[in-house]
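Survey of secondary and tertiary structure
Single-letter residue listing:
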2 protein chains.
Amino acid sequence: MGERMEKKTGWEANVRAVTPYTPGEQPKGQDIIKLNTNECPYPPSPKVGRVLEGFDAGTLRLYPDPAAQELVDALAAYHHVDQEQVFVGVGSDDVLALAFLTFFNGTKPVLFPDVTYSFYAVWANLYRIPYFCPALDDNFHLNQKDYMAENGGIIFPNPNAPTGILEDLDTVEAIVAANPDSVVIVDEAYVDFGGVSALSLVETYDNLLVVQTFSKSRAMAGMRIGYAIGSKKLIACLSAVKFSFNSYTMSRLAIACGKACVEDDVYFRETVGRIVGTRERMKRELAQLGFTFPDSKANFIFAKHAHVEAGRIFGDLRSAGIYVRYFCGPRVDKYLRITVGTEEQADRLLAFLREYLG
Amino acid sequence: MGERMEKKTGWEANVRAVTPYTPGEQPKGQDIIKLNTNECPYPPSPKVGRVLEGFDAGTLRLYPDPAAQELVDALAAYHHVDQEQVFVGVGSDDVLALAFLTFFNGTKPVLFPDVTYSFYAVWANLYRIPYFCPALDDNFHLNQKDYMAENGGIIFPNPNAPTGILEDLDTVEAIVAANPDSVVIVDEAYVDFGGVSALSLVETYDNLLVVQTFSKSRAMAGMRIGYAIGSKKLIACLSAVKFSFNSYTMSRLAIACGKACVEDDVYFRETVGRIVGTRERMKRELAQLGFTFPDSKANFIFAKHAHVEAGRIFGDLRSAGIYVRYFCGPRVDKYLRITVGTEEQADRLLAFLREYLG
């Protein structure tokens, strides 16, 4: 049965029709275990708190630096690239939305995997960009040759979401190298948890854009900071479109707190190390409970149970105050995406599942 | 002579070509008098500072509420509208950029004045929206009948920028009423300094979107908060496009500080009152110095001198550390746009001009 198309009249005839992305729930209760949106279970660097304490609220009367130069410089120094190779935005979603608008402007289809971050299709639809989604193989890996076809651009996350699977750098390089006429975006939201970044390739390939975020490994989802690194030419194109959209996207607080966060590398490595430790423990214990999952290199585990339906476990976890993510749709609806939390959160999740499945 | 069009090859062939908006300078010196970007010369409400001091940085690890409900509710209460009639964004530029994308989606030209906020043409070009700019009359007022022609949408600021001229509510209502098949956006960035808001019309006209900002009268340019109020139907359309672009645009700090700011109405009225007082004094003294200007209802004065060229005054003020705004282009290049500062800033500006023109 097709959808009933309502004929719009008046001003509604000129409204852009979209089907928005649905973010994970943000429940407000106190005793909830929130393992549904891949946030960091630990607070951001204490240096961020110190920036807030010492911040002169009077300066908020002035516009921020439209170039967010202090934050850009901190990221350039951290990643050993030129500041003209860095672009910052209001979370990596903002960066990616602008990248779609900037780079995927041809008539050939943009390519991304069938099982991936579901916002890609939403942006393509928003801007009416044609796209095609090659199927991942049975192990949720991408077939390199699918990305050798004619295209108007390529994007994939690495590690992929919601599977957590990492493609090796050779695969990424082969795809970038085979597509000099397309911008290839590697969305590295989860790379810090065990991935190998494609940043080492940006000096060689001027068509490669690497996107990272402060929302996961840097524990700043609430501050909204994401960034892209690429060739100076790519970044100049992205900046021109950004300055055609909104001159001032990064608040004075985002710039100051983001800089402090990047500069505390010791804390960052420690936090990531703890999360990776908990992830590996969760893998072992989930396997003992009858779950199978791809070998995640991200801060979540994409798991299905041998006997119990994912949708049922999802609902029962939720009733117990434990929120995980469940996606409808072919191939993914057999799985739960479980964010790696603190050791204590893992204890409670696993205790519930032991009882529930026992 | 036409522009030389460079033929782009490789991935550059698919890049969106734009000519970005140029924001006013953000000079970094200490002793500069900054009257070039219409910021508030006074700090935001002390309650904003208290929010920052008391803010738990640990909560930044979590995504913000995607609906920014606390801020939306505060604005709804302040303006006596339903919360479903309020939309918030990263400054009013973000709100306007999304409104162009959402509502100006037809094939007929969008209408806005020839002398107005220059970002309108930038957004239209970004999204390839056809547009037409009816000329303001010799006194920089708009001709109501220009907006009775067939169109795909209408937008104008009221008071207008960079002129500061206010159109009366009857004119605004006549335009909104004559265009039931178009969305009419009234950009009220400067309305708090003596304008009459069109908010009283949103209950009657479901095609009217009123946009306001925290960047001017609320002294929060550095925090990036803007908002739109309209019919529930309009706001639902705008929200759908926003959720197709970026789920989380408002940081936890923007939501908390924005709410505190709206709730301190006493401070707000006091601050606006001081700025209006200084503006009226500046008008009197600028007139004595040989300047003429439309009767501004905004926090800036659009002034030209009887004998000395605007471009020359601009350069000489700048050399003296006093930044005002100068726009190139027909009709406006005879004028300076001077932001209303503190009494002390007005003293120094006027002292310089007295000496300079004397």
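Residues numbered from 1 in each chain as written. Chains lettered and ligands numbered in written order. Predicted model: local features only at pLDDT ≥ 70, side-chain atom pairs only at ≥ 80, totals over all residues. Heavy atoms only, no water.

Comments concerning the packing of aromatic side chains
Residues and elements named next belong to chain A. This structure, assessed with the given rule, holds 47 aromatic pairs over all chains. Aromatic side chains Tyr21 and Tyr117 sit 5.5 Å apart centroid to centroid with 75 degrees between the ring planes, which places their arrangement in the edge-to-face category. Of the two residues, Tyr21 sits in the segment before strand 1 (33-34) while Tyr117 sits in the loop between strand 3 (110-111) and helix 4 (119-126), which places them 96 residues apart along the sequence. Note on accessibility: Tyr21 and Tyr117 belong to one class, buried. Three or more aromatic residues joined by ring pairs form one cluster here, namely Tyr21, Phe100, Phe104, Phe112, Tyr117, Phe119, Tyr120, Trp123 and Tyr131. (Phe/Tyr/Trp six-rings, centres within 6.5 Å; stacked < 30°, edge-to-face > 60°. Helix = DSSP H or I, 4+ residues; strand = E, 2+ residues; numbered from the N terminus. Buried < 20%, exposed > 50% of the residue type's maximum accessible area, 1.4 Å probe, protein only.)

Regarding the relation of the copies chain B and chain A
Screw-axis analysis of chain B against chain A gives a translation of 0.0 Å along the axis, an RMSD of 0.0 Å, and a rotation angle of 180 degrees. These values place the two chain copies in the arrangement generated by a two-fold rotation axis. Among all residues of chain B, the one whose C-alpha sits closest to the rotation axis is Glu53(B), at a distance of 2.7 Å. A shared interface surface links the copies, since 100% of the contact residues of chain B are contact residues in chain A too. (Least-squares fit on C-alpha atoms with pLDDT ≥ 70 in both. Contact = heavy atoms within 4.5 Å.)

Observations regarding the interface of chain B and chain A
Each partner contributes to the interface: chain B provides 83 residues, whereas chain A provides 83 residues. Of the roughly 6,800 Å² buried between chain B and chain A, counting both surfaces, carbon and sulfur atoms make up 60%. Linking chain B with chain A are 2 salt bridges, by the criterion used here. Residue Lys233(A) pairs with Glu12(B) through a salt bridge whose shortest N-O separation is 3.1 Å. Connecting chain B to chain A are 42 residue pairs in polar contact (both at pLDDT 80 or more). Counting residues per element, the ones that place at least two in the side of chain B that touches chain A are helix 1 (46-53), helix 3 (91-103), helix 4 (119-126), helix 6 (232-242) and helix 7 (252-263) of chain B. For the side of chain B that touches chain A, a count of residues per class yields 46 nonpolar, 21 polar and 16 charged. (Buried area = accessible area lost by both parts, 1.4 Å probe. Salt bridge = Lys/Arg side-chain N within 4 Å of Asp/Glu carboxyl O. Polar contact = N/O pair within 3.5 Å; in protein donor to acceptor, adjacent residues only side chain to side chain. Nonpolar A, V, L, I, M, F, W, Y, C, P; charged D, E, K, R; others polar.)

Re the pairing of strand 6 (residues 184-187) of chain B
Residue and element names in this part refer to chain B. Along strand 6, one buried face is formed by Val184 and Val186 and the opposite face, lined by Ile185 and Asp187, is buried too. As paired elements, strand 5 (residues 154-157) and strand 6 share 4 bridges and run parallel to each other. Considered in strand 6, the bridge of Ile154 is made with Val184. Remark: the strand 5/helix 5 (residues 169-177)/strand 6 crossover connection has right-handed handedness. With 4 bridges connecting them, strand 6 and strand 7 (residues 208-213) associate as parallel partners. Paired with Ile185 across the two strands is Leu209, which belongs to strand 7. (Pairing = 2+ DSSP bridges. Right-handed = clockwise from strand over helix to strand, strands pointing away.)

Let's talk about the layout of surface pockets
Roughly 970 Å³ of volume is contained in the largest pocket. If you trace the largest pocket, you find 46 residues lining it, with Tyr21(A), Thr116(A), Tyr117(A), Ser118(A) and Phe327(A) closest to the centre. Of all the secondary structure elements, the ones that give two or more residues to the lining of the largest pocket are helix 3 (91-103) and helix 4 of chain A. For the lining of the largest pocket, the leading source of residues is helix 3 of chain A, giving 4 residues. The space that makes up the second largest pocket amounts to roughly 770 Å³. Around the second largest pocket sit 27 residues that line it, and Pro27(A), Lys28(A), Thr59(B), Leu62(B) and Arg252(B) are the ones nearest its centre. For the lining of the second largest pocket, the elements supplying multiple residues, two or more each, are strand 1 and helix 10 (343-357) of chain A together with helix 2 (69-79) and helix 7 of chain B. By residue number, the principal contributor to the lining of the second largest pocket is helix 7 of chain B, which donates 3 residues. (1 Å grid on protein atoms, 1.4 Å probe; cavity = no way out; pocket = protein on both sides within 12 Å on 5 of 7 lines; lining within 4 Å. Points joined across faces, edges and corners; volume = space filled by probe spheres on them.)

Here's the deal with empty space enclosed by the protein
According to the stated counting rule, one finds 8 cavities of 30 Å³ or more in the structure shown. Taken as a whole, the largest cavity spans an internal volume of roughly 120 Å³. Along the wall of the largest cavity there are 13 residues; nearest its centre are Met223(A), Thr249(A), Ser251(A), Thr249(B) and Ser251(B). Looking at the lining of the largest cavity residue by residue, the classes come out as 7 nonpolar, 4 polar and 2 charged.

Considering the sheet that holds strand 10 (residues 300-305) of chain A
All names here are of chain A. What the 3 strands build is an open sheet, ordered 9-10-12; its pairing is antiparallel. Every interior strand has two partners, whereas the edge strands, strand 9 (291-292) and strand 12 (336-339), have only one. Looking at chain direction, strand 9 and strand 10 are connected through 2 bridges and run antiparallel. Opposite Phe291, over in strand 10, you have His305 as the bridge partner. Relative to strand 10, helix 8 (residues 265-288) is tilted by about 0 degrees, and along the sheet it contacts strand 9, strand 10 and strand 12. (Axes fitted to C-alpha atoms, helices over the stretch in contact; angles between N-to-C directions.)

Brief notes about the side chain of His305(B)
Residues and elements named next belong to chain B. Counting through the fold element by element, His305 comes out in strand 10 (residues 300-305). There is a polar contact of 2.8 Å between the side chain of His305 and the backbone oxygen of Leu289. Engagement of the side chain of His305 in a polar contact is seen with the backbone nitrogen of Val308, the distance being 3.2 Å. Discounting chain neighbours no more than four positions away, the residues touching His305 are Leu289, Gly290, Phe291, Ile313 and Leu357.

Points about the packing of helix 9 (residues 310-319) of chain B against helix 10 (residues 343-357) of chain B
All names here are of chain B. Two numbers describe how helix 9 lies on helix 10: the axes approach to 12 Å, and their chain directions differ by 120 degrees. The angle between helix 9 and helix 10 falls in the class oblique. Helix-helix and strand crossings are classified by hand; for helix 9 and helix 10 the assignment is right-handed. Side by side, helix 9 and helix 10 meet where Arg312, Ile313, Asp316 and Leu317 of the first sit next to Leu349, Phe352, Leu353 and Tyr356 of the second. (Parallel < 35°, antiparallel > 145°, perpendicular 65-115°, else oblique. Left-handed = near helix turned anticlockwise from the far one by under 90°.)

Some remarks on helix 6 (residues 232-242) of chain A
Among all positions in helix 6 of chain A, only Leu234(A), Ile235(A), Cys237(A), Leu238(A), Val241(A) and Lys242(A) are buried. Along the axis of helix 6 of chain A, the buried positions cluster into a sector of 160 degrees, meaning they face one direction only. (Arc of directions from axis to C-beta.)

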